[in-house]
Amino acid sequence: MLTAEEQSLIQKVWEKTASHRDEIGGESLYRLFTSYPSTKTYFPHFDLSCGSEQIRSHGKKVVAALSTAVKSLDNLSQALSELSSLHAYNLRVDPELGPGTGNRSSDVEPHSALQLLSQCIQVVLALHLGKEYTPEVHAAFDKFLSAVAAVLSEKYR
Ligand code: HEM
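Residues numbered from 1 in each chain as written. Predicted model: local features only at pLDDT ≥ 70, side-chain atom pairs only at ≥ 80, totals over all residues. Heavy atoms only, no water.

## Quick look at the site of the ligand
Then comes step 1: Near the ligand lie 17 residues; those nearest to it are Tyr 42, His 45, His 58, His 87 and Leu 152.
Then comes step 2: His 45 is positioned such that a nitrogen or oxygen atom in its side chain is 2.6 Å from an oxygen atom of the ligand.
Then comes step 3: Take His 87: an N or O atom from its side chain is 2.9 Å from a nitrogen atom of the ligand.
Then comes step 4: Comparing atom positions with the cavity grids shows the ligand to sit within the largest pocket.
Then comes step 5: A class-by-class count of the residues in the shell around the ligand yields 13 nonpolar, 3 polar and 1 charged. (Near = heavy atom within 4 Å. Polar contact = N/O pair within 3.5 Å; in protein donor to acceptor, adjacent residues only side chain to side chain. 1 Å grid on protein atoms, 1.4 Å probe; cavity = no way out; pocket = protein on both sides within 12 Å on 5 of 7 lines; lining within 4 Å. Sits in = over half its atoms within 2 Å of the grid points. Nonpolar A, V, L, I, M, F, W, Y, C, P; charged D, E, K, R; others polar.)

The structure is reproduced here in structure tokens:
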């Protein structure tokens, strides 16, 4: 549960990313695929090269979903309900065991793909925000992205 201070910090900082949002998603995804190559198994149909149009456009969708979440911090479950169903039932993004049960590489265990993406988003936010990505902002975003990941995996079982 995010505190009122954390909520307002997240909303304030997210506002500051407005002019970089088109890049943040794609950069986070490219970082995910490069740092944790086994996550690429979820995207066999994508061109995963640096700057690919598919990564950029998917990145925009991910960031738009995060914008929705930032507007609904009190009610993430409801705001992300459809997305949660999609990731759990259709995409089956594994919440615990790393990408693709039975097809995972040991180097990413025990982190789930959701945790890894959250981590990559945080690195990219820090790169864009520089000094403004203070330890307090870092802590609040960590909590926020963990809450988003929890919602996206809550229908999995
Ligand atoms: C699709 C958001 C994490 C794999 C999507 C879509 C959104 C989204 C908005 C598009 C839905 C649509 O077209 O209706 C998010 C958010 C995440 C997240 C906010 C966490 C912060 C992940 C992770 C993986 C993943 C960790 C796996 C590594 C996919 C795949 C698709 C998808 C394979 C379908 C892509 C396509 O074929 O177009 N996600 N996602 N997602 N997501 Fe996620």
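Now that the structure has been shown, the text picks up again.
## Quick notes on the coordination of the iron atom of the ligand
Then comes step 1: Just one protein atom coordinates the iron atom of the ligand, and that atom is His 87 (NE2), at 2.1 Å.
Then comes step 2: Along the chain, the position of His 87 falls in helix H5 (residues 81-91). (Donors = N, O, S within 2.8 Å, 3.2 Å for Na, K, Ca; no water. Helix = DSSP H or I, 4+ residues; strand = E, 2+ residues; numbered from the N terminus.)

## Examining the packing of aromatic side chains
Then comes step 1: Within the structure shown, the criterion is met by 5 aromatic pairs.
Then comes step 2: Ring centres of Tyr 133 and Phe 141 lie 6.4 Å apart, and the angle between their planes is 40 degrees; on these two criteria the pair is classed as tilted. Phe 141 matches Tyr 133 in its accessibility class, with the two residues each being buried.
Then comes step 3: Relative to Phe 144, the ring of Phe 141 lies with its centre 6.0 Å away and its plane at 80 degrees, an arrangement referred to as edge-to-face. Of this pair, Phe 141 and Phe 144 both sit in helix H7 (residues 135-153), 3 residues apart, which is roughly one turn of that helix. Just as Phe 141 is buried, Phe 144 falls in that class too. (Phe/Tyr/Trp six-rings, centres within 6.5 Å; stacked < 30°, edge-to-face > 60°. Buried < 20%, exposed > 50% of the residue type's maximum accessible area, 1.4 Å probe, protein only.)

## A few points about helix H6 (residues 113-129)
Then comes step 1: Taking 1.5 Å of rise per residue, 17 residues should cover 24 Å, and H6 covers 24 Å from first to last C-alpha, within 8% of that figure.
Then comes step 2: The complete set of buried residues in H6 reads Ala 113, Leu 114, Leu 116, Leu 117, Ser 118, Cys 120, Ile 121, Gln 122, Val 124, Leu 125 and Leu 129.
Then comes step 3: Each element contacted by the buried residues of H6 is listed here: helix H1 (4-16), helix H2 (21-35), helix H3 (53-71) and H7.
Then comes step 4: A positive phi of about 55 degrees marks Gly 130, the residue just after H6. (Expected span 1.5 Å × (residues − 1). Contact = heavy atoms within 4.5 Å.)

## Let's talk about the environment of Pro 44
Then comes step 1: Mapped onto the elements of the fold, Pro 44 is located in the loop between H2 and H3.
Then comes step 2: On the basis of relative accessibility, which here comes to 69%, the residue Pro 44 falls in the exposed class.
Then comes step 3: With 91 residues separating them in the primary sequence, Pro 44 and Pro 135 have C-alpha atoms 36 Å apart.

## Regarding the environment of Asp 142
Then comes step 1: With respect to the helices and strands, Asp 142 occurs in helix H7.
Then comes step 2: The spatial distance from the C-alpha of Asp 142 to the C-alpha of Gln 122 is 7.5 Å, given a sequence separation of 20 residues.

## Points about the nonpolar core
Then comes step 1: Residues Ile 10, Leu 125, Phe 141, Phe 144 and Val 148 are the most contacted members of the largest nonpolar core, which totals 41 residues.
Then comes step 2: Looking at this core, the elements that each hand over two or more residues are H1, H2, H3, H6 and H7.
Then comes step 3: In this structure, Ile 10 is in contact with Leu 2, Val 70, Leu 73, Ala 140, Phe 141 and Phe 144, ignoring residues within four places of it in sequence. (Core = buried A, V, L, I, M, F, W, Y, C linked by side-chain atoms within 4.5 Å.)

## Considering the confidence of the model for the protein chain
Then comes step 1: When pLDDT is averaged along the protein chain, the result is 89, and 89% of the positions lie at 70 or above.
Then comes step 2: When mean pLDDT is taken per element in the protein chain, H3 scores highest with 97 and H5 scores lowest with 89.
Then comes step 3: For the stretch residues 98-109, pLDDT sits under 50, and the model shows 22 contacts to residues farther than four places along the chain or on other chains.
Then comes step 4: In the predicted assembly, ipTM is 0.96 and pTM is 0.91. (pLDDT = per-residue confidence, 0-100.)

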